[in-house]
Number of protein chains: 2
Amino acid sequence: MAYSDRLRCEELKDRLMSADAAAALIDSGMTVAVSGFTPAGCPKAVPLALAEQVRSGKRKLRLTLLSGASTGEELDNAWAECGIIARRAPYMTSKALRAAVNGGAEEEIAYTDVHLGEFAQNARCGFNGKIDVALIEAAAITEEGDIVPTTALGCSQTWIDLAERVIVELNETQPAALEGFHDVFRVGDPPRREPIPLTAPGQRIGRPYLSCPKEKIAAVVVCACEEKPRPFPPADAVSEAIARNIVRFLLLEKDSGRLSADRVPLQSGVGAVANAVLIGLKDSPLEHLSFYSEVMQDGILDLIDAGKADFASATSLSLSRAGLERLFADIERYRGKLVLRDSEISNSAEVIRRLGVIAMNTAVEADLYGNVNSSQMNGTTVYNGIGGSGDYARSALISIFMTPSVAKGGKISCIVPMVTHVDHSEHDVDVLVTEQGWADLRGLSPKERARLIIENCAHPDYRAALRAYFDEACAATHGAQTPHILSESFRFHENLAREGSMRRETKGETLC
Amino acid sequence: MAYSDRLRCEELKDRLMSADAAAALIDSGMTVAVSGFTPAGCPKAVPLALAEQVRSGKRKLRLTLLSGASTGEELDNAWAECGIIARRAPYMTSKALRAAVNGGAEEEIAYTDVHLGEFAQNARCGFNGKIDVALIEAAAITEEGDIVPTTALGCSQTWIDLAERVIVELNETQPAALEGFHDVFRVGDPPRREPIPLTAPGQRIGRPYLSCPKEKIAAVVVCACEEKPRPFPPADAVSEAIARNIVRFLLLEKDSGRLSADRVPLQSGVGAVANAVLIGLKDSPLEHLSFYSEVMQDGILDLIDAGKADFASATSLSLSRAGLERLFADIERYRGKLVLRDSEISNSAEVIRRLGVIAMNTAVEADLYGNVNSSQMNGTTVYNGIGGSGDYARSALISIFMTPSVAKGGKISCIVPMVTHVDHSEHDVDVLVTEQGWADLRGLSPKERARLIIENCAHPDYRAALRAYFDEACAATHGAQTPHILSESFRFHENLAREGSMRRETKGETLC
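Remember, predicted model here, so these are calculated numbers, not experimental data.

Definitions and cut-offs
- Residues numbered from 1 in each chain as written.
- Chains lettered and ligands numbered in written order.
- Predicted model: local features only at pLDDT ≥ 70, side-chain atom pairs only at ≥ 80, totals over all residues.
- Heavy atoms only, no water.
- Helix = DSSP H or I, 4+ residues; strand = E, 2+ residues; numbered from the N terminus.
- Rg over C-alpha atoms; globule rule 2.2 N^0.38 Å.
- Buried < 20%, exposed > 50% of the residue type's maximum accessible area, 1.4 Å probe, protein only.
- Contact = heavy atoms within 4.5 Å.
- Lys, Arg positive; Asp, Glu negative; His and termini not counted.
- Charge placed at Lys NZ, Arg CZ, Asp CG, Glu CD.
- pLDDT = per-residue confidence, 0-100.
- Least-squares fit on C-alpha atoms with pLDDT ≥ 70 in both.
- Pairing = 2+ DSSP bridges.
- Salt bridge = Lys/Arg side-chain N within 4 Å of Asp/Glu carboxyl O.
- Buried area = accessible area lost by both parts, 1.4 Å probe.
- Polar contact = N/O pair within 3.5 Å; in protein donor to acceptor, adjacent residues only side chain to side chain.
- Phe/Tyr/Trp six-rings, centres within 6.5 Å; stacked < 30°, edge-to-face > 60°.
- Lys NZ or Arg CZ within 6 Å of the ring centre and 35° of its normal.
- Axes fitted to C-alpha atoms, helices over the stretch in contact; angles between N-to-C directions.
- Parallel < 35°, antiparallel > 145°, perpendicular 65-115°, else oblique.
- Left-handed = near helix turned anticlockwise from the far one by under 90°.
- Nonpolar A, V, L, I, M, F, W, Y, C, P; charged D, E, K, R; others polar.
- Domains from an automatic or database assignment.

Quick notes on the overall build of chain A
A count of helical and extended segments in chain A gives 17 helices and 28 strands. Here the C-alpha radius of gyration of chain A, 24 Å, is about what a compact globule of 512 residues would show, namely 24 Å. Seen through its C-alpha atoms, chain A measures out along the principal axes to roughly 75 × 50 × 45 Å. Sorting the 512 residues of chain A into buried and exposed places 68% on the buried side. Taking the intrachain contacts of chain A between residues at least 6 apart in sequence as the baseline, contacts between residues at least 24 apart amount to 73%. The centroid of the 55 positive side-chain charges in chain A is displaced by 2 Å from the centroid of its 69 negative side-chain charges.

Below is the structure:
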């Protein structure tokens, strides 16, 4: 059996086994809950071994998979491809899984898309039934049997607490120096629980290890599976323009004397636009930034290196390969400036509200009144899921949503009369930003919002069509609070389905 | 000038003036922020005096009105009727105001519908501009100049803190014995604030008075305007059936060993169904109930009287006249069992999550996937607003929404293919209840939810039509995550607009 000096607990050495043997502990009908978050810190060796057992025809099984958020291709993708997953929550980014969730695979997957900050509590309160196996990636196990997590925390402590048996994957490619980066805190459950004592992004309130009774550990699997980070999102002119608008808004907010980005923490999502915002912040006059976020992208390291950011708190190091290498090459320098928390804490409504976070999340589409769809294409096909956006948007001091004004080379307007699915209602969207500009919606009525969104955020090619819809709807409803013509509200989307574009050119103007 | 022994502070006696004189302190263009909440505890004499000044042609003015929630007819209705209100937030229930907001009056009102738990903070952070006048109803002013609030707290402390000038309405019809019922707590603002130390519904964390520097008090107006409480919501068979289903669900939850209603606090909204639930709880085997809610209805007094409820926390005594009389006749007995808090605390995401509240709110309509519209008729005409429902639904341990399965004598199905407006997304709705039954949506995929909602919650007359839509949508989208046919998604509503009913009878079956 593979041995590792990362396994410092003598008592657990008799639990060492191969990935193949550990995978055999997982049976059909079970609920398996795993470490990791988008997709850092997920187990790899045991999932791949199980997939291989199924692929080779040795076994056939269907199970429920729970996690912190999305997992790596070794897990979501590999398991979805060979039909292992019957039920999945709370988030995913895998192509194979997405297909099976949306009816494009032989075996359908029932996917429940949940606010990430609520998921651990829901599980503890029995919403997802019994957890059979927790499968946790670790960088080490200490002399006392404490587990050193890797590049994400997610719901790992809750999975360990709830699971009947725990399988630990000791991944030797994860730096041993990750020890000390984490802050694991058990929130407890109602009816009696104390406040979460966190009052600043950099504060530590827990312990750096996952706690697990040794008798619960059924297997320790030593592996050397390299993390496969997301590719670095390429910047483009549109992302940069959105970023510039966000920085302008933040500077204006500071000039107004209101609470600004150099006084309260920022939350920033994942992807090209989010990373462009981080780059934009580096070149701005804002100083002493801090982050209270669910993921850290490369741009946060840049801000720390440039002396612009003092501290970043998240649940996951969602860095590119280059970003991970940079962090690990100089890990001691970053030690006092980064912390990884349970997703229940990073995404806690309580803490986000208390700190006054300025939240920046991306929209798939937004409508005239500021409602945001962040998950479902055409209101039907889920892309990833709502993730943590609702945790931040609802409780943030200022909730910013951003999107390019158009997609698919201009064939899709991301500002539409009515969104086809609402993840964030008008009540949770304070500022809407595109590369065209921004609409500060705070304190405005729906009709005032519509005018601002059309003129400031919509692409010029679609403004006439949006104005036309809005004017027609105002007339048809005699100026109701939220003017709509229900039979016409999805006309942009119907054009797209019929003609491949939301645009319809009429007399040199785009009308839809 | 009217004198009152309720004004115990010598230093403030020179501020006594008539309602008419105090109303003259309010000018056009100002922002006026008032005490009260749905509609308890609102100022009455000064608003009526100002309305009279306008109605009689002496003055003409337009202003912004902010409050805790809806106000009484002396304020929202009277001011809307004579065109005083240009801008209104965060909630309303007034008929005249509703008309002006929805384009049915000469002078339009810009209405912003805001989560009530966020509103005080938004105002402190400058989202609503400068507050000129705070107009606060009081039961007394103490020797030290502290203000004893009346039947609601709402945002009163924040209004006093932000306003340039404060007008106090000393209402002699409000019982002096209200002194001590309130718990006023200033949350503070980011970036540095401490946890809200509340860990049980009955705990006191603040002081029983509103604090105000004496030099800020511009006027004290003595009045004797009777509170005009909401009429007691009549119970009907449908409300009682919904209530029975909710109680059954709660008992099942208790039997399952999960956290149940006798261990965590309940939140219950306003209206006939909410009150029927309270009555249903009285006749249930559940004991030691507690409430962490925004309003108290008569049913809570019944539960306390019956020894079924130990404690109730809210921001407003939204009682009927009989309920108020019962409370005031025996006020010492209720003293240790009720507390009135700032709406920022009663509706605090932090506290609601910590306590593990079971939230029960009403829907206008719900769709196949569990999305809820609680504010906009046909997606266009706002009825009241979102109120505090979003504060509770998002942070609750279990979020229940309830609605009759049909309205208008069966012409409207409250379960529709797609809601015309989303206030609460599928992610915030755990259980949907109608008089037909309930659908426990926890852990289910959208398609699983749809089947359950149709069979358990929809009215039998509409089930075939809903099944037909769902099947068609599944076929058209090849089983996508959230099957919809956008061009058909509002067909129930289009039928209603065209034919006066969502129903279309075809071969003895209702198809829509």
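Let's talk about the confidence of the model for chain A
Detailed conclusions should not be drawn from predicted coordinates in areas where pLDDT is low. Confidence in the prediction for chain A averages 95 pLDDT; 98% of positions are at 70 or higher. Per the prediction output, this complex has pTM 0.97; the corresponding ipTM is 0.97.

Re the relation of the copies chain A and chain B
Turning one copy of the chain about an axis and sliding it along that axis gives the other copy, so a rotation and a shift relate them. You can overlay chain A on chain B at an RMSD of 0.0 Å; the transform is a turn of 180° with a shift of 0.0 Å along its axis. What we have between these two chains is a two-fold relation. Across chain A, the rotation axis passes nearest the C-alpha of E350 of chain A, at a separation of 2.1 Å. A symmetric contact is evident, with 100% of the interface residues of chain A recurring at the interface of chain B.

Remarks on unusual backbone geometry
What you tend to see is this: most non-glycine residues have negative phi, and most peptide bonds are trans. Cis geometry is found at the peptide bond from P190 of chain A to P191 of chain A, where omega equals 5°. By the secondary structure assignment, P191 of chain A is in the loop between β8 (182-183) and β9 (217-223). You will see that H478 of chain A, though not glycine, has its phi angle at about 55°, which is positive. Positionally, H478 of chain A belongs in the loop between α16 (460-476) and α17 (491-499). Note on H478 of chain A: relative accessible area 61%, which makes it exposed. Unusually for a residue other than glycine, K408 of chain B sits at a positive phi of about 50°. Tracing the backbone through its elements, the reader meets K408 of chain B in the loop between β22 (406-407) and β23 (412-413).

Quick look at the sheet that holds strand β17 (residues 365-367) of chain B
Residues and elements named next belong to chain B. One open sheet accounts for three strands, arranged β18-β17-β24; its pairing is mixed. Every interior strand has two partners, whereas the edge strands, β18 (372-373) and β24 (415-416), have only one. Bridge analysis of β17 against β24 gives two bridges, and the strand direction is parallel. Counterpart to D367 in the pairing with β24 is V416.

Topic: the pattern of salt bridges
Scanning all chains against the criterion turns up 84 salt bridges over all chains. Of the charged contacts in the structure, one is a salt bridge between K228 of chain B and E73 of chain B, with a shortest N-O distance of 3.7 Å. Here E73 of chain B lies in helix α3 (residues 73-81) and K228 of chain B lies in the loop between β9 (217-223) and α7 (237-255), a separation of 155 residues in the sequence. Residue R442 of chain B pairs with E253 of chain B through a salt bridge whose shortest N-O separation is 2.9 Å. One end of the pair, R442 of chain B, is in the loop between β26 (438-440) and α15 (446-456); the other, E253 of chain B, is in helix α7, with 189 residues separating them in the sequence. Classification of R442 of chain B by relative accessible area gives buried; the value is 10%. Connected through shared salt-bridge partners, D302, D305, R326, D330 and R333 of chain A make up one network.

Overview of the interface of chain A and chain B
Taken residue by residue, the interface counts 81 residues in chain A and 81 residues in chain B. Counting the surface lost from both chain A and chain B, the interface buries some 6600 Å², and carbon and sulfur atoms represent 51% of this. Looking at the side of chain A facing chain B, the largest losses of area belong to F127, R394 and H427 of chain A, adding up to 11% of the total buried there. E350 of chain A is paired through a salt bridge with R354 of chain B; the nearest N and O atoms lie 2.9 Å apart. For the pair chain A and chain B, the interface holds 42 residue pairs in polar contact (both at pLDDT 80 or more). Listing elements by their share of the side of chain A that touches chain B, those giving two or more residues are β4 (110-111), α5 (116-124), α13 (349-355), β20 (381-382), α14 (389-395), α15 (446-456) and α17 of chain A. Per-element tally for the side of chain A that touches chain B: the top contributor is α13 of chain A, with five residues.

A look at the packing of aromatic side chains
Taken as a whole and judged by the stated rule, the model has nine aromatic pairs over all chains. On the basis of an interplanar angle of 35° and a centroid distance of 5.9 Å, the ring pair of Y462 of chain B and F492 of chain B is categorised as tilted. One end of the pair, Y462 of chain B, is in helix α16 (residues 460-476); the other, F492 of chain B, is in helix α17 (residues 491-499), and 30 residues separate them in sequence. The two residues Y462 of chain B and F492 of chain B agree in class, both being buried. Above the plane of the ring of Y383 of chain A lies R98 of chain A, whose end atom (NZ or CZ) is 3.8 Å from the centre.

What about the packing of α15 of chain A against α16 of chain A?
All names here are of chain A. Orientation of α15 relative to α16, taken along the N-to-C sense of each, is 165°, at an axis distance of 9 Å. If you check the angle between α15 and α16, you find them roughly antiparallel. Once α15 is placed against α16, the crossing between them reads as left-handed. Facing α15, whose interface residues are K447, A450, R451, I454 and E455, α16 presents R463, L466, R467, F470 and C474. For the contact of α15 with α16, the class distribution of residues is five nonpolar, no polar and five charged.

Observations concerning the domain arrangement of chain A
Residues and elements named next belong to chain A. By the assigned domains, chain A splits into domain 1 (10-223), domain 2 (237-461) and domain 3 (470-506). Computed over C-alpha atoms, the centres of domain 1 and domain 2 are 27 Å apart. A combined buried area of about 3500 Å² lies between domain 1 and domain 2, and 57% of that area is made up of carbon and sulfur atoms. The interface formed by domain 1 and domain 2 holds two salt bridges in total. Notably, a salt bridge pairs R124 with E344, separated by 2.7 Å at the nearest N-O pair. Run the count over domain 1 and domain 2 and you get 26 residue pairs in polar contact (both at pLDDT 80 or more).

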